[in-house]
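Understanding the architecture of this molecule
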Amino acid sequence: MKNDKMKNQYRVNEQIRVREVRIVSDGESTVMPTRHALDMAREQGVDLVEISPNAQPPVCRLIDYSKFLYQQKKHAKEMKAKQAKVEVKEIRFGPQTDEHDYNFKLKHAQEFLNEGNKVRAYVFFRGRSILFKEQGEVLLLRFANDLEEYAKVEQLPKLDGKKMFLYLAPKKAGVVKKSQQKVDREKREAEARAPKQNVDAADAVPSNGGLLANAKVSPEALKALKGEE
């Protein structure tokens, strides 16, 4: 059934009834009467296949039709397999992860997202470390903030048992855009470098715009995050 559907998708040989067609081959194209194109196909022992009927004139190729269908089917299969390869990569933190380990995992997350994979980052609380869940929330919020050019947040930090999860999905290729938070942060950094200028840390998270605007995070974590920035 699928093969029949693909066969009926293209007009072949005498089914092509327009006056002239454009023949494409090896990066070159030639417009000619359809009857001449049919004669060429017969001489070469191949078929005249219409691959772009809406073009003016319609675009055709001289190719074995069975081979053409095989290539189309193979291409569709490869595209489907490529789409199915999107994976969820895990990044694990402790509530008191040091800076070196944090940067190492941040780099890996960037690579995962650039490859089109999703990222599930989580903080594992062992034993009494659950008392420091606000630290884990701050760490994950910082992680999301540092990846704002690469990812969008699918789920903000949420505690589930002894783990707090953050879910990130890759942004579409070519859509690397500075968030309002990043613009504001760069502005503050420039002001900080200017002489006799003092920037209040409370401005670290803008009230209108940015990755964490309108985010439902705990007051303790938000306060700590502002202090960090």
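The following refers to the structure shown. The structure displayed is predicted, hence computed values, not measured ones. (Residues numbered from 1 in each chain as written. Predicted model: local features only at pLDDT ≥ 70, side-chain atom pairs only at ≥ 80, totals over all residues. Heavy atoms only, no water.)

1. What about the overall build of the protein?
The helix and strand tally for the protein stands at 7 helices and 8 strands. Relative to its 229 residues, the protein shows a buried fraction of 33%. Within the protein, residue pairs in contact and separated by at least 24 positions form 59% of the contacts whose partners lie at least 6 positions apart. Accessible surface, the protein: about 15500 Å² in total, of which carbon and sulfur atoms supply 48%. (Helix = DSSP H or I, 4+ residues; strand = E, 2+ residues; numbered from the N terminus. Buried < 20%, exposed > 50% of the residue type's maximum accessible area, 1.4 Å probe, protein only. Contact = heavy atoms within 4.5 Å. Areas by Shrake-Rupley, 256 points an atom, 1.4 Å probe, with all protein chains shown as cover.)

2. Notes on a nonpolar patch on the surface
Together, Ile130, Leu131, Phe132 and Leu159 line one region of the surface with nonpolar side chains, adding up to about 340 Å² of accessible area. Position of Leu131 among the secondary structure elements: in the loop between strand 6 (118-124) and helix 5 (133-146). (Patch = residues over 30% accessible without salt bridge, like charges linked within 9 Å, V, L, I, M, F, W, Y side chains within 5 Å. Salt bridge = Lys/Arg side-chain N within 4 Å of Asp/Glu carboxyl O.)

3. A closer look at the packing of aromatic side chains
Enumeration according to the criterion identifies 7 aromatic pairs in this entry. Between Tyr122 and Phe165 the ring centres are 5.5 Å apart and the planes differ by 40°, which places this aromatic pair in the tilted class. With a gap of 43 residues between them, Tyr122 in strand 6 and Phe165 in strand 8 (residues 163-170) connect regions that are remote in the sequence. One aromatic cluster is present, built from ring pairs that chain together Tyr10, Tyr65 and Phe68. Against the face of Tyr102 rests Arg142, its NZ or CZ located 3.9 Å from the ring centre. When the ring centre of Tyr122 is taken as reference, the NZ or CZ atom of Lys163 above it lies at 4.8 Å. (Phe/Tyr/Trp six-rings, centres within 6.5 Å; stacked < 30°, edge-to-face > 60°. Lys NZ or Arg CZ within 6 Å of the ring centre and 35° of its normal.)

4. A few points about the nonpolar core
Among the nonpolar cores identified, the biggest contains 20 residues, and Ile91, Phe93, Leu140, Phe143 and Leu168 are the most heavily contacted of them. When contributions to this core are tallied by element, the ones reaching two or more residues are strand 5 (88-93), helix 4 (99-114), strand 6, helix 5 and strand 8. For Phe143, the residues in contact, after removing those within four places along its chain, are Ile91, Phe93, Tyr102, Lys105, Leu106, Ala109, Val119, Ala121, Leu166 and Leu168. Within the second largest apolar cluster, 10 residues are counted, among which are Val21, Ala37, Leu38 and Ala41. (Core = buried A, V, L, I, M, F, W, Y, C linked by side-chain atoms within 4.5 Å.)

5. A word on the pairing of strand 5
Two elements, strand 5 and strand 6, share 6 bridges in a ladder whose sense is parallel. Following the sheet pairing, Lys89 is matched in strand 6 by Val119. (Pairing = 2+ DSSP bridges.)

6. Overview of the environment of Asn13
Looking at the secondary structure, you find Asn13 in the loop between helix 1 (2-7) and strand 1 (20-25). Between the alpha carbons of Asn13 and Asp47 there is a distance of 6.1 Å; along the sequence they are 34 residues apart. Setting aside anything within four residues of it in sequence, one finds Asn13 in contact with Leu38, Asp47 and Leu48. In terms of polar contacts, Asn13 uses its side chain to reach the side chain of Asp47, at 3.0 Å. (Polar contact = N/O pair within 3.5 Å; in protein donor to acceptor, adjacent residues only side chain to side chain.)

7. What to know about helix 5
Under the 1.5 Å per step criterion, the end-to-end length of helix 5 is 20 Å for 14 residues, consistent within 8% with the ideal 20 Å. For helix 5, every residue scored as buried is listed here: Gly136, Glu137, Val138, Leu139, Leu140, Leu141, Phe143, Ala144 and Asn145. (Expected span 1.5 Å × (residues − 1).)

8. A short note on the side chain of Glu50
Within the element layout of this structure, Glu50 appears in strand 3 (residues 47-52). The buried category is assigned to Glu50, whose relative accessible area is 3%. Of the polar contacts made by the side chain of Glu50, one reaches the side chain of Arg11; its length is 2.9 Å. Beyond its immediate sequence surroundings of up to four residues, Glu50 is in contact with Tyr10, Arg11, Ile16, Pro58, Val59 and Cys60.

9. Considerations on the sheet that holds strand 5
Taken in spatial order, the 4 strands make up an open sheet running 5-6-8-7, and their pairing is mixed. Here the strands that pair on one side only, and so sit at the sheet edges, are strand 5 and strand 7 (151-160). Each adjacent strand pair in this sheet contributes to an overall mean axis angle of 15°, direction not counted. Pairing between strand 6 and strand 8: 6 bridges, direction antiparallel. Counterpart to Val119 in the pairing with strand 8 is Leu168. Sheet contacts for helix 4: strand 5, strand 6, strand 7 and strand 8; angle to strand 5, the most-contacted strand, approximately 170°. Here helix 5 sits on the sheet in contact with strand 5, strand 6, strand 7 and strand 8, set at roughly 5° to strand 8. (Axes fitted to C-alpha atoms, helices over the stretch in contact; angles between N-to-C directions.)

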